[in-house]
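# Examining the three-dimensional arrangement
Listed below, chain by chain, are the residues.
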Amino acid sequence: MIEWITRLLCEKWEVKDNLPEDAVDAIAGMSLSPLRSGKPGGHIENVVEQSVREFVSRTGVKWLIFSNYLKADGGSVAVLEMNLAIQRGITREAIVIPRCHQDRLYRNTFEEARFALQILKFLEDESILIVANNIHMRRVIKTFEKVNQGHGLVLYWRSVGRRSDYHLGYRQWRFTHPLFFLFREYGAMIYSKLVGWI
């Protein structure tokens, strides 16, 4: 019974991919927390792997953006993701990550989305493909849409992962059932709405 309810709720929560027919200017990998040890965990690796795959397979992509500045091995998640992408053949020159400033760290989805879109506006680019975990994607899209109001950048997205992956990257939490992470993300949506991030 619980498994059936889990499957039903998760399928209702997941968002259908919105993929471009043509090239995009940039790809943004949007991840969540690393493992408590600072290692990437399967969730971050999945996001980086799919981001690299999209970068390599699509013509005209100029930038691969990682903006998560939560602490991790190498200093931050963004640095960790950059190193994983380089290991998979992406040149350092094609990867954009934020510089670490004490007064401006990109530690939530809203700040990460704002950084990615500011980069595109500065470079006078027009479109971005967002890659995120399937449970995180709904909030990511809402956040990008909020940040993009009045700017007219074209947004596309692709989810990665399966329901059985929902716990990956969250091992620091006590509970690992997919419903726990679904409700956690739902709570984050409510909070984001209250503070004006979506």
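This structure is a prediction, so every number in the text was calculated from the model and none was measured. (Residues numbered from 1 in each chain as written. Predicted model: local features only at pLDDT ≥ 70, side-chain atom pairs only at ≥ 80, totals over all residues. Heavy atoms only, no water.)

### Some words on the overall build of the protein chain
Quick reminder of the rule: Helix numbering and strand numbering both begin at the N terminus, where a helix is a DSSP run of H or I of at least 4 residues and a strand a DSSP run of E of at least 2. We call a residue buried when its accessible area falls under 20% of the maximum for its residue type, exposed when it is over 50%, and partly exposed in between, using a 1.4 Å probe and counting protein chains only. Note on definitions: a residue-residue contact is assigned when non-hydrogen atoms from the two residues lie within 4.5 Å.
The helix and strand tally for the protein chain stands at six helices and five strands. The burial tally for the protein chain puts 52% of its 198 residues in the buried class. Here the contacts in the protein chain between residues at least 6 apart in sequence split such that 75% fall between residues at least 24 apart.

### Structural notes on the packing of aromatic side chains
The line we're drawing: Within 6.5 Å between ring centres, the rings of Phe, Tyr and Trp (the latter by its six-membered ring) count as paired, and their orientation is classed by plane angle as stacked under 30 degrees, edge-to-face over 60, tilted in between. Counting as a charge over the ring demands two things of the Lys NZ or Arg CZ atom: a distance within 6 Å of the ring centre and an angle within 35 degrees of the ring normal.
Tallied over the entire structure, the rule returns three aromatic pairs. Ring centres of F110 and W197 lie 5.9 Å apart, and the angle between their planes is 10°; this geometry places the pair in the stacked category. Of this pair, F110 sits in helix α4 (residues 109–122) while W197 sits in the segment after α6 (178–194), and the two are 87 residues apart along the sequence. An angle of 80° between the planes, with centres 5.7 Å apart, marks the rings of Y191 and W197 as edge-to-face. Connected via pairs of aromatic rings, a cluster forms that spans F110, Y191 and W197. R138 extends its terminal NZ or CZ atom over the ring of W13, reaching a point 5.1 Å from the ring centre.

### Considering the sheet that holds strand β3 (residues 95–96)
As a reminder, the rule being used: Two strands qualify as a pair provided that DSSP identifies no fewer than 2 bridges between them.
The five strands are arranged β3-β2-β1-β4-β5 in an open sheet whose pairing can be described as parallel. Of all the strands in the sheet, just β3 and β5 (154–160) have a single pairing partner and so form its edges.

### A closer look at the pairing of strand β2 (residues 63–66)
In terms of strand pairing, strand β1 (residues 26–30) meets β2 through four bridges, oriented parallel. Bridge pairing in β2 links A28 to I65. Where β2 and β3 come together, two bridges link them in parallel fashion. Directly across from I65, in β3, lies its bridge partner V96.

### Side note on the pattern of salt bridges
Any two side chains of opposite charge can pair if their charged atoms end up close together. Here is the rule we go by: The salt bridge criterion pairs a side-chain nitrogen of Lys or Arg with a carboxyl oxygen of Asp or Glu, the two atoms within 4 Å.
This structure, assessed with the given rule, holds nine salt bridges. Residue E54 pairs with R158 through a salt bridge whose shortest N-O separation is 2.3 Å. Note that E54 is positioned in helix α2 (residues 41–57) and R158 in strand β5, a separation of 104 residues in sequence. Note on E54: relative accessible area 3%, which makes it buried. Across the salt bridge formed by K62 and D125, the nearest N and O atoms sit 2.6 Å from each other. Of the two residues, K62 sits in the loop between α2 and β2 while D125 sits in the loop between α4 and β4 (127–133), which places them 63 residues apart along the sequence.

### Quick word on a nonpolar patch on the surface
Which entries qualify depends on this criterion: Here a patch means residues that are over 30% exposed by relative accessible area and free of salt bridges, tied together within 9 Å if like-charged and within 5 Å if nonpolar (Val, Leu, Ile, Met, Phe, Trp, Tyr). For the accessible areas, the method is Shrake-Rupley and the probe is 1.4 Å, while residue cover comes only from the protein chains on display.
A surface patch of nonpolar side chains, amounting to about 540 Å² of accessible area, comprises Y186, I190, Y191, L194 and V195. Structurally, L194 is set in helix α6. Its relative accessible area of 70% is what places L194 among the exposed residues.

### Considerations on the pairing of β1
Most of β1 sits out of view: five of its five residues are buried. Neither face of β1 is left uncovered, since the one carrying A26, A28 and M30 and the one carrying I27 and G29 both have all their residues buried. Looking at chain direction, β1 and β4 are connected through five bridges and run parallel. Pairing of I27 across the sheet is with L129, part of β4.

### What to know about the confidence of the model for the protein chain
Convention followed: A residue's pLDDT is the confidence the predictor assigns to it, expressed on a 0 to 100 scale.
On average, residues of the protein chain score 81 in pLDDT, and 78% of them are at 70 or above. pLDDT under 50 marks residues 164–175. Its contacts with residues more than four places away, or in other chains, come to 30 contacts.

### Quick look at the packing of α4 against helix α5 (residues 137–147)
Using the following cut-off: Angles shown run from 0 to 180 degrees and are taken between the N-to-C directions of axes, each axis being a line fitted to C-alpha atoms and, for helices, limited to the stretch in contact. Comment on the angle field: the value is read as roughly parallel under 35 degrees, roughly antiparallel over 145, roughly perpendicular from 65 to 115, and oblique elsewhere. We call a crossing left-handed when the near helix sits turned anticlockwise from the far one by less than a right angle, and right-handed when that turn is clockwise. Classification convention: Asp, Glu, Lys, Arg as charged; Ala, Val, Leu, Ile, Met, Phe, Trp, Tyr, Cys, Pro as nonpolar; all other residues, Gly among them, as polar.
For the pair α4 and α5, interaxial distance at closest approach is 9 Å and the crossing angle is 50°. The angle between α4 and α5 falls in the class oblique. As α4 runs across α5, the sense of the crossing is right-handed. Where α4 approaches α5, its residues T109, F110, A113, R114, A116 and L117 are matched on the opposing element by R139, V140, T143, F144 and V147. Per-class residue counts for the contact of α4 with α5 are seven nonpolar, two polar and two charged.

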